[in-house]
Protein chains: 2
Amino acid sequence: MSRVRVHNFSVSLDGFAAGEGQTLEAPFGHAGTRLVEWFFRTRAFHEMQGRAGGDGGVDDALASAWGAGIGAEIMGRNKFGPQRGPWTDEEWKGWWGENPPFHTPVFVLTHHPRPSLEMEGGTVFHFVDASPQEVLKQAREAAGDLDVRIGGGPTTVRQFLAEDLVDHLHVAVVPIVLGRGERLWDGLEGLEQRFRVESVTTPGGTTHLTFTRP
Amino acid sequence: MSRVRVHNFSVSLDGFAAGEGQTLEAPFGHAGTRLVEWFFRTRAFHEMQGRAGGDGGVDDALASAWGAGIGAEIMGRNKFGPQRGPWTDEEWKGWWGENPPFHTPVFVLTHHPRPSLEMEGGTVFHFVDASPQEVLKQAREAAGDLDVRIGGGPTTVRQFLAEDLVDHLHVAVVPIVLGRGERLWDGLEGLEQRFRVESVTTPGGTTHLTFTRP
Ligand SMILES: NC(=O)c1ccc[n+]([C@@H]2O[C@H](COP(=O)([O-])OP(=O)(O)OC[C@H]3O[C@@H](n4cnc5c(N)ncnc54)[C@H](OP(=O)(O)O)[C@@H]3O)[C@@H](O)[C@H]2O)c1
Ligand SMILES: NC(=O)c1ccc[n+]([C@@H]2O[C@H](COP(=O)([O-])OP(=O)(O)OC[C@H]3O[C@@H](n4cnc5c(N)ncnc54)[C@H](OP(=O)(O)O)[C@@H]3O)[C@@H](O)[C@H]2O)c1
């Protein structure tokens, strides 16, 4: 059976995975890039953007696991874009330009479905109003034998964790106090009891945690 | 100038430093001993209790810094005991028996002062209704050239951090999701900007963070 995986999911010490006040200019709201600086520095991120360079150290070793063996992604509508409520037009095609880094079907959870969007490089955005179980069934069918990644944001990851649908969770705890935004851990009391948890801190100060099935 | 230090302060991934529902039987509420297991295993904790044994590894190296050079502690009334509101009697002398591990004056913040309590081994509990600045002044006088430790709980540590009175903060992040209780990080947005932050994860899975003055 293919696995459900979360990778490179960055949270602050106070548990926020997104800041407050997302806009077109500030995809992470008031958090700016503070949650993801460690990731931006990696070779994995540079490759994802089709650029050369980036550090190849321990953060990169952890970050680069995100892509291999993935056949579909599920993301929330706020990861896809800053719009809220009914779409006023259908111009918006995500933050990632014409050739997004997913290269698979991507299921965007939203209460406001719109026609699928076929991008360059194999990414197809499907807009789905569904429960976690239902959208996962669709994503699994699209992924074939490959795994399904839950791409975020926190509202989406939280739902899949609450329903115990996640097999592999990689969280990066960044030593900052964000103060406000969207929390990852809410409603997940005792989560660690369902997983084997390992932690490692890398020289940049980020603590990587993996939650894997025992 | 003597420093103000916090040591071995344990928080969950979701930022709780105490569980919900503290009672005489459950000093940490529903958290049980989960936040402090790493500390209970150390030689430093065994010594604190006047017992032999305990692990002497990396957790211990970090834990054992708590005592040296400390001339007074400040703690909150809920760290001192499970009582709330006016004292119904003055029998309670803290969780620690006749010879508490502090061996210095200890200033217990409370809106319900009572006469000082002289214990064995040099610990004297003073009950003070005061602002962080005011009680720190008293503790500094009592400590002479030595440092002042803020012993917790979270409500108390948070106040001293918010007023920027802490010079050294050692936090141990335990990879559990507590779900409810008292949060350490609330109201401390941007805290890391006032400190140099280092992190290290020990083999037990606990991440130690030190916040020191740059
Ligand atoms: N820290 C990280 O590593 C990381 C990773 C990815 C993203 N992010 C950040 O996270 C933020 C977005 O996260 P978020 O928690 O605000 O939102 P999100 O999870 O991206 O999206 C939530 C939205 O998706 C729709 N949705 C979710 N579940 C649904 C369901 N079961 N059925 C129908 N619609 C559903 C709803 O939108 P509608 O009701 O409006 O349709 C909901 O408001 C962004 O700032 C992004 O940059 C951070
Ligand atoms: N995680 C750790 O490492 C750690 C360390 C120590 C303790 N703990 C745990 O933390 C819990 C206690 O923490 P907590 O946050 O609930 O409470 P706390 O900080 O121990 O005590 C808070 C109480 O102290 C009094 N107080 C605080 N500041 C005051 C001020 N400026 N002036 C007057 N009174 C003041 C008030 O009591 P009154 O109004 O009732 O007088 C207030 O309700 C316990 O479960 C304990 O076991 C955890």
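By the naming in an unreviewed UniProt entry, chain A goes by Dihydrofolate reductase family protein and is assigned to Kitasatospora paranensis.

(A) Up close: empty space enclosed by the protein. All chains considered together, the criterion is met by one cavity of 30 Å³ or more. At the level of secondary structure, the elements contributing two or more residues to the lining of the largest cavity comprise strand 11 (207-212) of chain A together with strand 11 (207-212) of chain B.

(B) Representation of the relation of the copies chain B and chain A in the model. Least-squares fitting of chain B to chain A yields an RMSD of 0.0 Å, with the transformation described by 0.0 Å of translation along the axis and a rotation of 180 degrees. Expressed as a symmetry operation, the mapping of one chain copy onto the other fits a two-fold axis. Within chain B, T201 of chain B has its C-alpha nearest the rotation axis, a separation of 2.7 Å. The share of interface residues of chain B whose copies in chain A are also at the interface is 100%, consistent with both copies meeting through the same surface.

(C) Region of the structure containing the side chain of R158 of chain B. By the element assignment, R158 of chain B lies in helix 6 (residues 154-162). Once you skip the residues sitting within four places of it in the chain, R158 of chain B turns out to touch E182, R183, L184, D186 and L188 of chain B.

(D) Summary view of the pairing of strand 3 (residues 70-76) of chain A. Residue and element names in this part refer to chain A. By the criterion of burial, strand 3 is predominantly enclosed, with seven of the seven residues buried. As paired strands, strand 3 and strand 7 (residues 147-152) are joined by five bridges and run parallel to one another. Bridging from a neighbouring strand, E73 pairs with R149 of strand 7.

(E) Examining the confidence of the model for chain A more closely. On average, residues of chain A score 97 in pLDDT, and 100% of them are at 70 or above. Model confidence for the complex is summarised by a pTM of 0.94, with the ipTM given as 0.90.

(F) Molecular detail of the interface of chain B and chain A. Each partner contributes to the interface: chain B provides 28 residues, whereas chain A provides 28 residues. Buried area between chain B and chain A, both sides added, is near 2000 Å², and the carbon and sulfur share of it is 54%. It is L13, V177 and E189 of chain B in chain B that bury the most area against chain A; as a group they hold 31% of the surface buried on that side. The interface formed by chain B and chain A contains six salt bridges. Among the ionic pairs, R34 of chain A bridges to E192 of chain B, the shortest N-O distance being 3.7 Å.

(G) Inspection of the site of ligand 1 at higher detail. Residue and element names in this part refer to chain A. Residues in contact with ligand 1 amount to 26 residues; listed here are only the nearest, P27, T110, H111, T155 and T156. The side chain of R77 places a nitrogen or oxygen atom 2.7 Å from an oxygen atom of ligand 1. Considered on its own, ligand 1 offers 930 Å² of accessible surface; in the complex 87% of this is hidden by protein. For the shell around ligand 1, the secondary-structure elements that each account for two or more residues are strand 1 (4-12), strand 2 (16-18), helix 4 (77-80), strand 7 and helix 6 (154-162). Looking at side-chain class alone, the shell around ligand 1 contains eight nonpolar, 14 polar and four charged residues.

Cut-offs used in this document
- Residues numbered from 1 in each chain as written.
- Chains lettered and ligands numbered in written order.
- Predicted model: local features only at pLDDT ≥ 70, side-chain atom pairs only at ≥ 80, totals over all residues.
- Heavy atoms only, no water.
- 1 Å grid on protein atoms, 1.4 Å probe; cavity = no way out; pocket = protein on both sides within 12 Å on 5 of 7 lines; lining within 4 Å.
- Points joined across faces, edges and corners; volume = space filled by probe spheres on them.
- Helix = DSSP H or I, 4+ residues; strand = E, 2+ residues; numbered from the N terminus.
- Least-squares fit on C-alpha atoms with pLDDT ≥ 70 in both.
- Contact = heavy atoms within 4.5 Å.
- Buried < 20%, exposed > 50% of the residue type's maximum accessible area, 1.4 Å probe, protein only.
- Pairing = 2+ DSSP bridges.
- pLDDT = per-residue confidence, 0-100.
- Buried area = accessible area lost by both parts, 1.4 Å probe.
- Salt bridge = Lys/Arg side-chain N within 4 Å of Asp/Glu carboxyl O.
- Near = heavy atom within 4 Å.
- Polar contact = N/O pair within 3.5 Å; in protein donor to acceptor, adjacent residues only side chain to side chain.
- Areas by Shrake-Rupley, 256 points an atom, 1.4 Å probe, with all protein chains shown as cover.
- Nonpolar A, V, L, I, M, F, W, Y, C, P; charged D, E, K, R; others polar.

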